[in-house]
Amino acid sequence: MKKNLVIVESPAKAKTIEKFLGKEFSVMSSFGHIRDLKEKEFSVDIEHNFQPIYVVPSDKKKLVGELKKAAAEAEIVWLASDEDREGEAIAWHLLEALSIPEDKTKRIVFHEITQSAILHAIEHPRTIDRNLVDAQQARRVLDRVVGFKLSPILWKKIKPSLSAGRVQSVAVRLIVEREREIQRFVAESSYKVTALFLTKNSNGEDVEIKAELQNRFSTKQEAEVFLQKCVGAEFSVEDISTKPGKKSPAPPFTTSTLQQEAARKLGFSVAQTMRVAQKLYEEGKITYMRTDSVNLSSLALNTAKEEILSLAGEKYWHLRKFQTKTKGAQEAHEAIRPTYMSRHEVEGTSQEKRLYDLIWKRTLASQMSDAEIERTNITIGSPSVSEKFVATGEVITFDGFLRIYTESVDEESAERNETTLLPKVKLHEQLELKKSIAQQRFTQKPARYTEASLVKKLEELGIGRPSTYAPTISTIQNRAYVEKKEIENQPREYTLLTLEKGKIKETTKTDKASVEKGKLSPTDIGMVVNDYLIDNFPNIMNFNFTADVEKQFDEIAEGQSVWTSVIDKFYQKFNVNIEKALKTTGKKVGEREVGIDPKSGKPVFVKIGRYGAVAQIGSATDEEKPLFASLQKGQSIETITLEEVLNLFKLPMDVGEFEGEMLTVAVGRFGPYVKHGKTFVAIPKGEEPLNVTYDRAVELVVAKREADKNKEIKKFEKENIFVLNGRFGPYISYNKKNFKIPKNLLPEELTLEDCQKIINGEPKTKKTRKTSKK
C-alpha cells in the first residue's frame, strides 16, 4: 500500500486529484457520507444531551471495510472532503468510523481542484474543525427532531405519509401566501396615453417621436376628455434634458445568484444547476460551487485583468473588490469562478459548456469598466392641456462590461420601459400631433415564484444556506406540497381610444391568452399542511425564527455557541406545542363545506382524502354511506364551487352503446378517460369530460385502435414477444421489459430466433439493413 492515502467524497473528484499527486499517494472516494442517522428511526438520544446515534448504512459497509483497511496500511491519511460544514462532517465521520489515530490524520481543504491548489493544501494541512462539525450536527439533529415529531401529527390530523421540515415548511408557506395573494387580487384598470409627434430631420423628411403622458387616467371618460382637449392643440418642445448615466457589472456568482441566473438565462432548474456545477468543480474547471462569498483571490483578479487587456484593451479593465453582505459568509472562500480565466470554453456536455460560459462571462464582466449611457428626456406640452408628454431616449456611449455580459432580471422586477434613440429637436420647436392612443391597462397580479425567484426570496429572508436551497426546492416538489406547472391566463378585452386626424375612435380588442411556464404552485395538500402548521406551530413557520436558527448555526460554526444548548433551548418550547397538538381531538383539518346537494338535501364537502382531494355528499353519521368523487386536475378545495362539485358526481356517465358494449366517460387517477369493454382511452387535455358526446367517444376509441394497430410490427404471442413501434423507434417487448433493436437489423424481418438473441444479449451477426457504398 502507498505511504499516503487521500480520501475525498466523490469518485470524479478522486480521479481529478490523482492526476496532480505523485506515486506516493493513493486517492479513494467515500461516495458522500459513510455514517448518518438511521433512516426510519429517530436516532437522537434526547435524554443524553441530544446525542445523535450514527450508523453505517448497509450499502456502505463493504466500502467502509475497504477504506479502513487502506487507512490502516497508510502512514498518513489526508481527509480532503469539501471545505464547507458538510465536508467537514464527512471528514470527521471518516476519522471516527475508520478508527484512524488523529496523529496520522491530516485535514486539507481547497476551493478549486488545480495542481497548485492541491499542492498548497498538502503543504498547509490542519486538524478537523469541530466547530464546523458541530454546526452541521446541530442542523441535522434539529431537522430530525422537527421532522420526526411533526410528521406523526400530520398523519393523524390530515392524512398518512405526510412529512414536515423546518426550512421546507417555510418555503411552502411563501408559495401558499403568494397563491392566496393571487386569488384575492382584483385587477384595476387605468388608461395609458401615448402619442406620435412629427418633426423634420436635416433632409426635411418627417420623423416620429414617441412620447408617453406623465400620468394615467382612472376612467375612459377622463381619457376621452383629455383626447378632446388635444384636438387642434398646438404642441411644442418645452424642455430637453440630457444626463450621463452608467451601469455597473454584477458581482461574480455565489450559489444563489448562479442558481437564479442559470434559471433565467439557460432555463435550468436549481437542482440541475447544482448537478452540472458539481461536475465542473470535480473536473477542476470551476472553483467550489457552494459559497455565499463574492470575493475573488488576487490570482483570479490578475488573470481576469490579463484576459480583459488581451480581449478588449485597457479602457475596459476596472479593478473591483466586492464585499460579501451575507452574514456568516467567509471571505477566505471565493465566489464561483473558472479555475483558469484563460480557458474560454470547456469540453463536456451541452449543459456543462453553457453553464461554464455563463460563469466565465460573469467573472470577467465583474472586473470590467462601467457601461456609459446618455439619457435624454424631451418634455412636450401645449397651452391647451396641463398634462405633459415625455419622450425618453437612451444611447450607450461606451459598452464597458456589456461587451461581455448582461445580467437578467426576474419578471416581477423587469423594467418594461422602452427606450429608443430620439431625433434631434430644438427647444420651443413646434411638433405636429400625428396620433394619440389611450389604451386601457390592467394592474398585474403578483407573479408566482419560479425556482430562481424562490431562492432569491429565501436568501433575502436569511433562510437556508448555499447547500440547502436545491434540496429544499426538490423536497417540496417530491412530497407533492408544491408542483411546477403551466398556468393558462384567460384572454381579456380592453378598450382603445384613438385620436387621429381630429377624430376620436373607440375600439375593443382582446389580449392573447398567456401561459405561465415553470411556476411553483401549491397543491391542496400543501395548503392544508401549511395552514395547520401555522395555527399549531407558529414558531416553526415564522420567517424570523427560521432565519434566527440559521444565525445560531453560524455562531456554532464560529465557536460562539454550544450546539447542544441551542437544540435544548429550541426543544423545550417545541415539545410543549407537540404535546398540546397530540391531545387535541376533533375532525381532520382541511375540510370545507361548499353547500347543500339539491337532490338529497345533504351537505356537500371537499377535503383531503387518502389519495388526494375529494368531494363528499353526506356525512359519515348518515344512515346511507356518503358519496365520493375525486377532484379533477386543476381544481382546488379552496376555490371549487358547489356547481363544479356536483358535476363531478355526474361521472361515470354512459353515452351509448358501440359494437354491443357501453361507452362510459369517467375520471380516474390519471385523468378523464373513455371506457369501452377492456379498452381505456385518455380524453385529450383541455377537453371537458362532461361535454364528450357519443360521436366523440367513438372517435377516440377508433383512433386508439388505429394507433395500436400501427404500433405492432410483429408478434410471437405464444412466447409473449412483440416487435413494436415506439416513440424513439422500433423495439422488442418481452415480459414487460423493452429491448433495443440493433441498427443493422430490419424490425419487420426479425424472426423469433433473432428476437430471442437480442433479449439474451447475444452478438449481432445478421446484417440485413442496406448501407450505401463509399
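As shown above, the structure is provided for reference.
Residues numbered from 1 in each chain as written. Predicted model: local features only at pLDDT ≥ 70, side-chain atom pairs only at ≥ 80, totals over all residues. Heavy atoms only, no water.

> So what's going on with the overall build of the protein? Residues and values would help.
Scanning the protein for helices and strands turns up 19 helices and 30 strands. C-alpha atoms of the protein, sized along the principal axes, occupy 95 × 85 × 80 Å. Here the protein holds 774 residues, and the buried ones make up 46% of them. Residue pairs in contact within the protein that sit at least 24 positions apart in sequence constitute 69% of those at least 6 positions apart. Just so you have it, the protein exposes about 41,800 Å², and 48% of that area is on carbon and sulfur atoms. Here the protein contributes 124 positive and 113 negative side-chain charges, whose respective centroids are spaced 3 Å apart. (Helix = DSSP H or I, 4+ residues; strand = E, 2+ residues; numbered from the N terminus. Buried < 20%, exposed > 50% of the residue type's maximum accessible area, 1.4 Å probe, protein only. Contact = heavy atoms within 4.5 Å. Areas by Shrake-Rupley, 256 points an atom, 1.4 Å probe, with all protein chains shown as cover. Lys, Arg positive; Asp, Glu negative; His and termini not counted. Charge placed at Lys NZ, Arg CZ, Asp CG, Glu CD.)

> Talk me through the packing of helix H6 (residues 166–184) against helix H13 (residues 469–478); I want residue IDs and the actual numbers.
Running from N to C, H6 and H13 cross one another at 70°; their axes reach a closest spacing of 9 Å. By the angle class used here, H6 and H13 are roughly perpendicular. For the element pair H6 and H13, the recorded crossing hand is right-handed. Across from Val167, Gln168, Ala171, Val172 and Ile175 in H6, the residues of H13 making contact are Thr472, Thr475 and Ile476. When its residues are assigned to classes, the contact of H6 with H13 shows five nonpolar, three polar and no charged. (Axes fitted to C-alpha atoms, helices over the stretch in contact; angles between N-to-C directions. Parallel < 35°, antiparallel > 145°, perpendicular 65-115°, else oblique. Left-handed = near helix turned anticlockwise from the far one by under 90°. Nonpolar A, V, L, I, M, F, W, Y, C, P; charged D, E, K, R; others polar.)

> Explain the sheet that holds strand S30 (residues 737–740) to me, using residue names and the numbers behind them.
Across the sheet, four strands lie side by side as S27-S28-S29-S30; this open sheet has antiparallel pairing. Each edge of the open sheet is held by one strand with a lone partner, namely strand S27 (712–716) and S30. Across the sheet, the mean angle separating the axes of adjacent strands is 25° when strand polarity is ignored. Against the sheet, helix H18 (residues 694–711) engages S27, strand S28 (721–726) and strand S29 (729–734), with an angle of about 65° to S27. (Pairing = 2+ DSSP bridges.)

> Any details on the pairing of strand S14 (residues 430–442)? Residues and values, ideally.
As a general feature of sheets, a regular strand has side chains that alternate between the two faces. Pairing of strand S9 (residues 189–200) with S14 involves ten bridges; the strand directions are antiparallel. Note that in S14 the partner of Ser190 across the bridge is Arg441. Both strand S11 (residues 235–247) and S14 contribute to a ladder of two bridges, which runs antiparallel. Opposite Ser236, over in S14, you have Gln430 as the bridge partner. Here S14 pairs with strand S16 (residues 493–500) via five bridges, running antiparallel. Within S16, the position partnered with Gln439 by the bridge is Leu496.

> Can you tell me about the environment of Pro471, naming the residues and giving the values?
Within the secondary structure, Pro471 is located in helix H13. Sequence separation of Pro471 and Ala271 is 200 residues, and the distance between their C-alpha atoms is 7.3 Å.

> Describe helix H8 (residues 255–266), naming the residues involved and giving the relevant values.
With twelve residues, H8 extends 16 Å between its outermost C-alpha atoms, agreeing within 8% with the 16 Å of an ideal straight helix rising 1.5 Å per residue. Listing the buried residues of H8 in full gives Thr255, Ser256, Leu258, Gln259, Gln260, Glu261, Ala262 and Leu266. Just beyond H8, the residue with positive phi is Gly267, at close to 75°. (Expected span 1.5 Å × (residues − 1).)

> Break down the sheet that holds strand S25 (residues 671–676) for me, with residues and values.
Strand order in the open sheet formed by four strands is S23-S24-S25-S26, with antiparallel pairing between adjacent strands. Every interior strand has two partners, whereas the edge strands, strand S23 (653–658) and strand S26 (679–682), have only one. For this sheet, the mean inter-axis angle between neighbouring strands, taken without regard to orientation, is 25°. Here five bridges tie S23 to strand S24 (residues 661–668), and the two strands are oriented antiparallel to one another. The residue of S24 that forms the bridge with Met653 is Val665. On top of the sheet, H18 reaches S23, S24, S25 and S26; it is set at about 65° to S23, its chief contact.

> Give a description of the packing of aromatic side chains that names residues and reports values.
One pass over the full model with this rule turns up 15 aromatic pairs. Look at Tyr54 and Trp92: their rings are 6.2 Å apart centre to centre, the planes differ by 75°, and that puts the pair in the edge-to-face class. Of this pair, Tyr54 sits in strand S6 (residues 54–55) while Trp92 sits in helix H3 (residues 85–97); the two residues are 38 residues apart in sequence, bridging distant segments of the chain. Here Tyr54 matches Trp92 in class, with each residue buried. Summarising the aromatic geometry, the rings of Tyr281 and Tyr288 are spaced 5.2 Å apart at their centres and angled 65° between planes, so their arrangement reads as edge-to-face. With respect to burial, Tyr281 and Tyr288 carry one shared label: buried. (Phe/Tyr/Trp six-rings, centres within 6.5 Å; stacked < 30°, edge-to-face > 60°.)

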